[in-house]
Amino acid sequence: MKLIPLTQKFDKEFNIQNIPPDMPFSKLIPKIYEEWDIDFRKYIEKNFVNTFHGLMIKNCEEVLKVYLTVFLSEEILDKIFNRGERNILIFSHHPMDMETNNRGFLPLSEKYFKDMREKMVSVYSLHTPLDIHEKISTSISIANTLALKNLMKYHKNSIGFSGVTGELEKEVTFDEFIHTVQKVFNVEEIHFIKNKPTVSKIGIIAGGGSNPKYIEETKSLGCDTYLTGEYVNRINNEYGMQQKKEFEELKPSIDINLIECSHYATEKVVLQKEIMQMFNLEGVDCEFMEQNNPWK
């Protein structure tokens, strides 16, 4: 399928023309690439540099295969390059890689931009638009997978909401719910703080949910459980350390269950389900690329 008509359908569905420049990437991408002395503007589409939504890198006219990924990383690119294919579109939730347990967001080295050009690999990235869409969002996809009812959006983000609350069909024990969550996200390692014996009403913020204010907001809506990618910020920078300090101060007073399943695992669900289905309906071969370590 032709690249531009395909990406324009996603532009329209996710309303990217009416969403303000992405946060945090409208600030992070220029800052980080400048720190690494890489002129990213030589490789990235001009329209993307204005909004940081949509077609990021255009290196082909025809799309023969789509790969879905949570983070645009060198690890994922190496896996794709090793297949020796051409005319590839990568659909990425984040336009950068991220070390959630170390340095935070990271740039691609210039070699990978050149390799993508030579191998005819294009990139389309939706961060905020995929977090706040009315029906197809990172958090709503989790709520639907858990079969939650009485869904209500919360947590203001840009011109929409990135969180959702919902209720289970029937109350379950905390241990039963943890078992369900492990199956939903397909991860062995899950971190949690059990403050209540049962789970009934859940607040979900996929991805980075480590701001302590998110926990308080979730509790204020009557939820007994907060499910997120990360409720503790482990990034080794000033912002990360400040959030971790605030969490430790709040921790003794938290009286709802906290569950974190990794930034990556909570944001891959929408890609594996709704986004893959959208590409399949367009008749395009589509595959989700797994990250080696969900907690890296």
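Structural data are supplied above this passage.
Read on for an overview of the structure. (Residues numbered from 1 in each chain as written. Predicted model: local features only at pLDDT ≥ 70, side-chain atom pairs only at ≥ 80, totals over all residues. Heavy atoms only, no water.)

**Description of the overall build of the protein chain**
No. 1: What the protein chain contains, in helices and strands, is eleven helices and 13 strands.
No. 2: Expected size for 296 residues packed as a compact globule is a radius of gyration near 19 Å; at 19 Å, the protein chain falls within 12% of this value.
No. 3: Taken along the three principal axes of its C-alpha coordinates, the protein chain extends 55 × 40 × 35 Å.
No. 4: Going through the 296 residues of the protein chain one by one, you find that 57% of them count as buried.
No. 5: When contacts within the protein chain are restricted to residue pairs at least 6 apart in sequence, those whose partners lie at least 24 apart make up 73%.
No. 6: As displayed, the protein chain has an accessible area near 13300 Å², and 48% of this comes from carbon and sulfur atoms.
No. 7: Charge centroids of the protein chain, computed over 36 positive and 44 negative side chains, lie 2 Å from each other. (Helix = DSSP H or I, 4+ residues; strand = E, 2+ residues; numbered from the N terminus. Rg over C-alpha atoms; globule rule 2.2 N^0.38 Å. Buried < 20%, exposed > 50% of the residue type's maximum accessible area, 1.4 Å probe, protein only. Contact = heavy atoms within 4.5 Å. Areas by Shrake-Rupley, 256 points an atom, 1.4 Å probe, with all protein chains shown as cover. Lys, Arg positive; Asp, Glu negative; His and termini not counted. Charge placed at Lys NZ, Arg CZ, Asp CG, Glu CD.)

**Thoughts on the pattern of salt bridges**
No. 1: Applying the stated rule across the entire model yields 19 salt bridges.
No. 2: The salt bridge involving Lys31 is made with Glu35; its shortest N-O contact spans 2.7 Å. Of the two residues, Lys31 and Glu35 both sit in helix α2 (residues 25–35), four residues apart, roughly one turn of that helix.
No. 3: Residue Glu110 is joined to Lys42 by a salt bridge in which the shortest nitrogen-to-oxygen separation is 3.3 Å. (Salt bridge = Lys/Arg side-chain N within 4 Å of Asp/Glu carboxyl O.)

**Quick look at helix α4 (residues 74–81)**
Residues spaced three or four apart along an α-helix face the same direction, because each turn holds 3.6 residues.
No. 1: Within α4, the full set of buried residues consists of Ile76, Leu77, Ile80 and Phe81. Considered in projection along α4, the buried side chains sweep an arc of 135° and stay on one side of the axis.
No. 2: The elements touched by buried residues of α4 are β2 (65–71), β3 (88–94), α5 (110–118) and β6 (121–125). (Arc of directions from axis to C-beta.)

**Overview of the layout of surface pockets**
No. 1: Estimated volume of the largest pocket: approximately 1000 Å³.
No. 2: As for the largest pocket, its lining consists of 37 residues, of which Pro24, Leu28, Met98, Phe105 and Tyr239 are closest to the centre.
No. 3: When contributions to the lining of the largest pocket are tallied by element, the ones reaching two or more residues are α2, β5 (104–106), α7 (138–145), β7 (149–157), β10 (198–208), α10 (238–250) and α11 (263–281).
No. 4: The leading source of residues in the lining of the largest pocket is α2, at five residues. (1 Å grid on protein atoms, 1.4 Å probe; cavity = no way out; pocket = protein on both sides within 12 Å on 5 of 7 lines; lining within 4 Å. Points joined across faces, edges and corners; volume = space filled by probe spheres on them.)

**As for the pairing of β7**
Working note: regular strand, side chains alternate between the two faces of the sheet.
No. 1: Strand direction decides the pairing type here: β7 and strand β8 (residues 160–173), joined by six bridges, are antiparallel. When the bridges of β8 are listed, Lys156 appears paired with Phe161.
No. 2: Connecting β7 to the next strand, β8, in antiparallel fashion are two residues, including Ser158 with a positive phi near 55°. (Pairing = 2+ DSSP bridges.)

**A word on the sheet that holds strand β13 (residues 286–288)**
No. 1: Strand order in this open sheet of five strands is β1-β6-β3-β2-β13, and the pairing throughout is mixed. This sheet does not close on itself; its edge strands, each paired only once, are β1 (54–57) and β13. The average undirected angle you get between the axes of adjacent strands in this sheet is 30°.
No. 2: Pairing between β2 and β13: three bridges, direction parallel. Within the sheet, the bridge partner assigned to Leu68 lies in β13 and is Phe288. (Axes fitted to C-alpha atoms, helices over the stretch in contact; angles between N-to-C directions.)

**Observations concerning unusual backbone geometry**
A negative phi holds for most residues other than glycine; trans holds for most peptide bonds.
No. 1: Residues Met23 and Pro24 are joined by a peptide bond in cis, for which omega reads 15°.
No. 2: Residue placement: Pro24 occurs in the loop between α1 (3–13) and α2.
No. 3: Residues other than glycine seldom take positive phi values, yet Phe52 does so here, at roughly 65°.
No. 4: For Phe52, the position within the fold is in the loop between α3 (46–51) and β1.
No. 5: Classification of Phe52 by relative accessible area gives buried; the value is 4%.
No. 6: Even without a glycine there, the phi angle at Asn87 is positive, about 55°.
No. 7: Along the polypeptide, Asn87 turns up in the loop between α4 and β3.

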